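Breakdown of the fold
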Amino acid sequence: MITRTKYDPKAIENKWQAQWESDYIYRADDQSPKPNFYHLVMFPYPSGDLHMGHWYNYSAFDAFGRMKRMQGYNVMQPIGFDAFGLPAENAAIKRGIQARTWTLANIENMRKQLRAMGAGWDWSREVVTCLPDYYKWTQWLFLQFFKQGLAYRTKAPANWCPGCNTTLANEQVLADGTCERCGSIVERREIDQWLLKISAYAEELLKFEDVEWPEKTITMQRNWIGRSEGAEIRFNAVIDGKREEIPVFTTRPDTIYGVTFFVLAPEHPWVNKITTPEHKAAVDAYVEQAGRLTEIERMNAGKSGVFTGGYVTNPVSGEEIPVWIADYVLMGYGAGAVMGVPAHDQRDFEFARKFDLPIRQVVIAEDEEPTDPATWDQAKEALGVMINSGTFNGTTGDEAKNKIIQHIEAQDLGKATISYRLRDWLISRQRYWGCPIPIVYCEKDGMQPVPEDQLPVKLPENVQFKSTGESPLRYEESFLNTTCPVCGGPATREADTLDTFICSSWYYLRYPDPHNDQEAWSQEKMRTWLPVDQYVGGIEHAILHLLYSRFFTKALRDMGHLNFGEPFKRLFHQGMVLGPDGQKMSKSRGNVEPPDKYVDAYGADTVRCYMMFIGPFEAGGSFKAENLEGVWRFLNRFWSLVTDTWSEHSSTKETNESKAIERLRHKTIKRVTEDLSNFRFNTALAALMECNNALIKQQNEPVAQTAAFQRTLESMMQLLAPLAPHITEELWHLTGHKETIHLQAWPAFDEDMTHDESFTLVVQVNGKVRERIEAPASISEEDVRKLVLTNEKVLSFIGDATVQKVIYIPGRLANVVIRNTR
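Rules used throughout
- Residues numbered from 1 in each chain as written.
- Predicted model: local features only at pLDDT ≥ 70, side-chain atom pairs only at ≥ 80, totals over all residues.
- Heavy atoms only, no water.
- Helix = DSSP H or I, 4+ residues; strand = E, 2+ residues; numbered from the N terminus.
- Buried < 20%, exposed > 50% of the residue type's maximum accessible area, 1.4 Å probe, protein only.
- Contact = heavy atoms within 4.5 Å.
- Areas by Shrake-Rupley, 256 points an atom, 1.4 Å probe, with all protein chains shown as cover.
- Lys, Arg positive; Asp, Glu negative; His and termini not counted.
- Charge placed at Lys NZ, Arg CZ, Asp CG, Glu CD.
- Phe/Tyr/Trp six-rings, centres within 6.5 Å; stacked < 30°, edge-to-face > 60°.
- Pairing = 2+ DSSP bridges.
- UniProt positions renumbered as here; feature names shortened; annotations may be inferred.
- Polar contact = N/O pair within 3.5 Å; in protein donor to acceptor, adjacent residues only side chain to side chain.
- Salt bridge = Lys/Arg side-chain N within 4 Å of Asp/Glu carboxyl O.
- Axes fitted to C-alpha atoms, helices over the stretch in contact; angles between N-to-C directions.
- Parallel < 35°, antiparallel > 145°, perpendicular 65-115°, else oblique.
- Nonpolar A, V, L, I, M, F, W, Y, C, P; charged D, E, K, R; others polar.
- Arc of directions from axis to C-beta.

So, the overall build of the protein
Scanning the protein for helices and strands turns up 26 helices and 31 strands. Taken along the three principal axes of its C-alpha coordinates, the protein extends 105 × 90 × 50 Å. For the protein, the residues scored as buried account for 57% of the 822 residues in total. Within the protein, residue pairs in contact and separated by at least 24 positions form 72% of the contacts whose partners lie at least 6 positions apart. Total accessible area on the protein is roughly 35,700 Å²; 47% of this is exposed by carbon and sulfur atoms. Mean positive and mean negative side-chain charge positions of the protein (91 and 109 charges, respectively) differ by 4 Å.

This is how it looks when you write it as structure tokens:
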């Protein structure tokens with residue numbers, strides 16, 4: 001027997017956390033004979049404190065990893081910090097300290113909190129993206145992209161955040177045209193910028209055959225990439241006496257005869273060429289106005305535009321078409337030009353109505369008669385039969401598209417083509433706290449990459465921030481001034497830094513080999529651990545981080561640095577933890593719940609289990625502190641159950657009661673195993689609570705001293721261990737075990753033992769419950785009928801009535817349907 005003690009999490013949690021760390025039980029062995037399992041969670045930004053969202057994500061994530069370890073896998077579960085970025089720089093400016101000082105202090109605090117969680121982190125593999133031993137290899141990766149022509153510098157319009165004083169990628173501008181970080185209205189500016197040619201991988205990024213990802217995430221990525229099949233048709237115009245061509249992309253070449261106007265993006269190079277003198281002032285004013293809007297604002301704004309005074313020729317119909325400019329047309333899609341077909345495109349329909357432009361129907365449904373477009377409420381966008389289209393009249397559907405494409409290709413007027421919404425990734429930022437771009441500029445030799453043996457280009461540590469937020473790197477002469485790697489003469493460093501998404505696009509590749517100072521990773525370590533087996537993180541990263549990581553992996557594979565093309569085999573998105581008021585936690589609402597005070601009051605295991613119990617992991621739920629009490633009582637009752645009933649000298653004699661307990665054990669093992677394997681942590685806990693309650697009811701009975709009861713207690717400890725690691729480790733040792741519970745084999749179950757030998761058959765007569773009968777689980781429908789119709793109590797309700805039929809729902813219910821003979 002165990003000496004009865006009170007459950008005291010403070011007394012055991014620090015002890016076991018220190019013991020686990022000193023024993024290195026969570027350190028993954030690169031040479032292990034066990035099958036490897038790379039278990040990864042999206043690493044945190046070091047904002048200073050873990051919040052309930054971290055606990056919600058990491059607790060369940062850790063439980064899954066612990067189960068896999070007990071199932072015999074060599075689990076690598078690393079952690080690190082995504083440490084560059086604007087929040088640290090803005091905080092440093094506000095506090096008058098260095099960004100590095102603020103960031104590293106936050107990391108130290110968050111390390112303590114992560115340890116207090118009791119998670120099975122492999123701390124030997126920690127990465128911190130703002131330290132030179134990491135960003136040296138970020139720079140090396142940039143140079144690999146640069147050598148392959150996938151990283152390039154150009155002058156082009158960019159999203160500029162005046163609040164953050166930096167450019168933003170399209171993905172970082174919200175739908176209302178504001179910066180996702182500071183909320184400032186984003187502007188458009190034309191500046192020199194660095195981009196990665198992610199568009200070169202658009203087609204491959206649409207494929208997800210080798211991964212098990214949520215369908216919603218796959219759909220979001222495919223929609224963002226925006227693949228469109230159609231045709232490039234070259235319209236033409238005579239400018240300064242010379243015939244010039246302008247390509248336009250369309251997904252509906254079958255509507256070519258319905259073009260009644262032509263639209264250019266305001267920044268299109270043809271705008272100046274085709275605008276007539278009498279329209280120049282209006283066009284220039286419109287172009288200037290459009291330049292102040294972000295692409296997101298332009299796509300969401302109402303229709304606006306201005307006529308240029310110029311015309312282009314439809315190459316198929318020969319018709320002269322007026323040319324307009326409009327801000328809803330973007331340079332990055334379809335070459336920045338649109339052929340306006342208002343009868344069959346809703347956007348064009350609205351534009352034509354606003355500016356009183358002709359609407360001509362050229363496609364009609366097979367069973368429809370032509371009507372006057374002036375009477376329409378909206379465009380008719382469906383495929384159909386071509387009309388008003390010359391020799392193509394009567395051609396239908398996809399055949400119509402193909403016939404037009406064949407015609408323009410035969411006449412050298414265009415070609416079949418594919419267009420994508422995805423634009424190249426803007427990666428340069430005009431801020432200090434980021435990875436320096438390893439490029440120098442020489443008056444003699446131009447732009448040159450920093451030689452790899454001179455990496456890292458270190459970020460200066462003590463810089464003077466300006467009140468405007470402008471990057472101090474532009475004024476740090478010790479950083480800016482260098483020598484040209486080609487001629488040895490004076491040169492200037494690139495003063496922009498890399499977008500922090502570059503750092504997080506490859507961190508999963510560094511974890512297997514974090515201390516390698518000769519290369520970013522060894523091929524042996526890649527073969528050992530990659531790709532990631534299970535990745536867990538928020539769906540808010542579906543487009544940015546996950547898309548960029550996939551691009552990195554595919555590009556590095558093509559360069560010969562990797563032998564796989566997808567970074568994450570399996571992906572799971574956790575839900576969001578809301579405040580007690582059911583709203584998203586935020587300081588402005590005053591509903592943020594810091595975890596530390598609850599850990600102090602209840603212990604880490606209670607907080608962990610509560611966060612897993614509030615609802616389905618993918619759905620999230622509201623944090624309500626009063627509900628911690630229920631989980632706290634469960635753990636206390638389990639503690640008391642084990643310490644009160646554990647015996648090393650249990651009876652091996654089998655009784656009906658011990659058989660029932662053994663069957664309960666197998667059922668619970670099956671339920672918890674299946675639930676944890678499928679990230680159903682709340683129902684796994686519910687199964688353990690049910691088993692606990694059943695055992696408590698029997699703890700003062702003779703069955704509590706049987707081997708079956710003791711085996712069930714032992715299995716309960718093992719099943720609960722991934723969810724509540726501290727209390728189970730303590731109980732495991734109190735019950736005489738010498739080795740850690742977290743390296744024990746996961747309990748196995750016998751499928752046959754998960755099925756009851758008997759069940760309670762509910763008997764109804766004309767739909768009203770009249771009796772409950774204990775019946776064998778294997779009973780047939782015929783035997784159910786016999787059992788029910790020979791039961792005295794049931795017969796008393798039937799009386800002289802005629803039994804019409806017996807309806808049997810297997811394993812649950814039998815309903816006797818009778819009819820009175822009177």
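Okay, back to it.
Some words on the packing of aromatic side chains
If you walk through the whole model with that rule in mind, you get 50 aromatic pairs. On the numbers, 5.5 Å between centres and 85 degrees between planes, the contact of Tyr-58 with Trp-121 is edge-to-face. Linking Tyr-58 in helix α2 (residues 52–70) with Trp-121 in the loop between α4 (99–116) and β4 (127–128), this pair joins segments that are 63 residues apart in sequence. Judged by relative accessible area, which is 2%, Tyr-58 ranks as buried. A relative accessible area of 3% places Trp-121 in the buried class. A connected cluster of aromatic rings, assembled from ring pairs, spans Phe-37, Tyr-56, Phe-64, Tyr-73, Phe-572, Phe-617, Phe-679 and Phe-681.

Comments concerning the pairing of strand β10 (residues 261–264)
One face of the sheet, then the other: side chains in a regular strand alternate in exactly this way. Across the two faces of β10 the burial is the same, with Phe-261 and Val-263 and Phe-262 and Leu-264 all buried. Bridge count for β10 against strand β13 (residues 337–340) is four bridges, and the pairing is antiparallel. Opposite Val-263, over in β13, you have Val-338 as the bridge partner. Direction of pairing for β10 relative to strand β12 (residues 320–325): parallel, over a ladder of three bridges.

Points about unusual backbone geometry
In this model, Leu-455 is joined to Pro-456 through a cis peptide bond whose omega is 5 degrees. Take Pro-456: it is sitting in the loop between β20 (446–449) and α13 (477–480). A cis amide bond links Leu-530 with the next residue in sequence, Pro-531, at an omega value of 0 degrees. Here Pro-531 shows up in the loop between α16 (523–529) and β24 (532–536). The backbone of Asn-388 shows a phi angle near 50 degrees, a positive value even though the residue is not glycine. For Asn-388, the position within the fold is in the loop between β15 (385–386) and α12 (397–410). The backbone of Asn-766 sits at a positive phi, close to 50 degrees, despite the residue not being glycine. You can see Asn-766 is positioned in the loop between β28 (758–765) and β29 (768–776).

A closer look at the UniProt feature "short sequence motif: 'HIGH' region" (unreviewed entry) in the protein
Look at the UniProt record and you will see "short sequence motif: 'HIGH' region" (unreviewed entry) annotated at residues 44–54. In residues 44–54, the share of helix is 27% and the share of strand is 0%. The end C-alpha atoms are 8 Å apart.

Considering the environment of Arg-431
Considering the arrangement of structural elements, one finds Arg-431 in the loop between β18 (428–429) and β19 (439–442). Between the alpha carbons of Arg-431 and Ser-419 there is a distance of 33 Å; along the sequence they are twelve residues apart. Among the polar contacts made by the side chain of Arg-431, one reaches the side chain of Asn-90 at a distance of 3.0 Å.

Describing the sheet that holds strand β17 (residues 425–426)
Pairing within the open sheet is antiparallel, and its four strands lie in the order β6-β5-β7-β17. For this open sheet the edge positions go to β6 (166–168) and β17, each flanked by a neighbour on one side alone. Of the strand pairs in this sheet, strand β5 (residues 151–161) and strand β7 (residues 187–196) are connected by ten bridges, and their pairing is antiparallel. Paired with Pro-157 across the two strands is Glu-190, which belongs to β7.

A look at the pattern of salt bridges
In total, this model carries 44 salt bridges according to the counting rule given. We note a salt bridge from Asp-499 to Arg-429, for which the minimum N-O separation is 3.3 Å. Of this pair, Asp-499 sits in the loop between β23 (497–498) and α14 (500–504) while Arg-429 sits in strand β18; the two residues are 70 residues apart in sequence, bridging distant segments of the chain. By the burial criterion, Asp-499 is buried, and Arg-429 matches it. Of the charged contacts, one joins Lys-786 and Glu-782 as a salt bridge, the two residues approaching to 3.7 Å between their closest N and O atoms. Of this pair, Lys-786 and Glu-782 both sit in helix α25 (residues 781–789), separated by four residues, roughly a single helical turn. Residue Glu-782 is classed as exposed on the basis of its relative accessible area, which comes to 54%. A network of salt bridges, in which partner residues are shared, links Glu-204, Arg-550, Lys-554, Arg-557, Asp-558 and Glu-566.

Observations regarding the packing of helix α19 (residues 604–613) against helix α24 (residues 725–734)
Contact geometry for α19 and α24: axes closest at 7 Å, N-to-C directions at 125 degrees. In terms of axis orientation, α19 runs oblique to α24. Every residue of α24 that contacts α19 at Ala-604, Asp-605 and Arg-608 is listed here: Pro-725, His-726 and Ile-727. Classifying every residue of the contact of α19 with α24 by side-chain character gives three nonpolar, one polar and two charged.

Side note on helix α9 (residues 280–290)
Each full turn of the α-helix corresponds to 3.6 residues, which orients residues three or four apart in the same direction. Listed as buried for α9 are Val-283, Tyr-286 and Ala-290. The arc that holds the buried residues of α9, viewed along the axis, is 65 degrees, so those residues lie on one side. In this structure, α9 carries Ala-281 and Glu-288 as exposed residues pointing more than 90 degrees from its buried face.

Describing the sheet that holds strand β30 (residues 802–809)
Reading across the sheet, the four strands line up as β29-β28-β31-β30 and stay open at both edges, with mixed pairing between neighbours. Each having just a single partner strand, β29 and β30 make up the two edges of the open sheet. With strand direction ignored, the average angle separating the axes of adjacent strands in the sheet is 20 degrees. Judged from the eight bridges that link them, β28 and β29 form a sheet pairing that is antiparallel. Looking across to β29, one finds that Leu-761 is bridged to Ile-773. Packed on one face of the sheet, α25 meets β28, β29, β30 and β31 (813–819) and runs near 130 degrees to β30.

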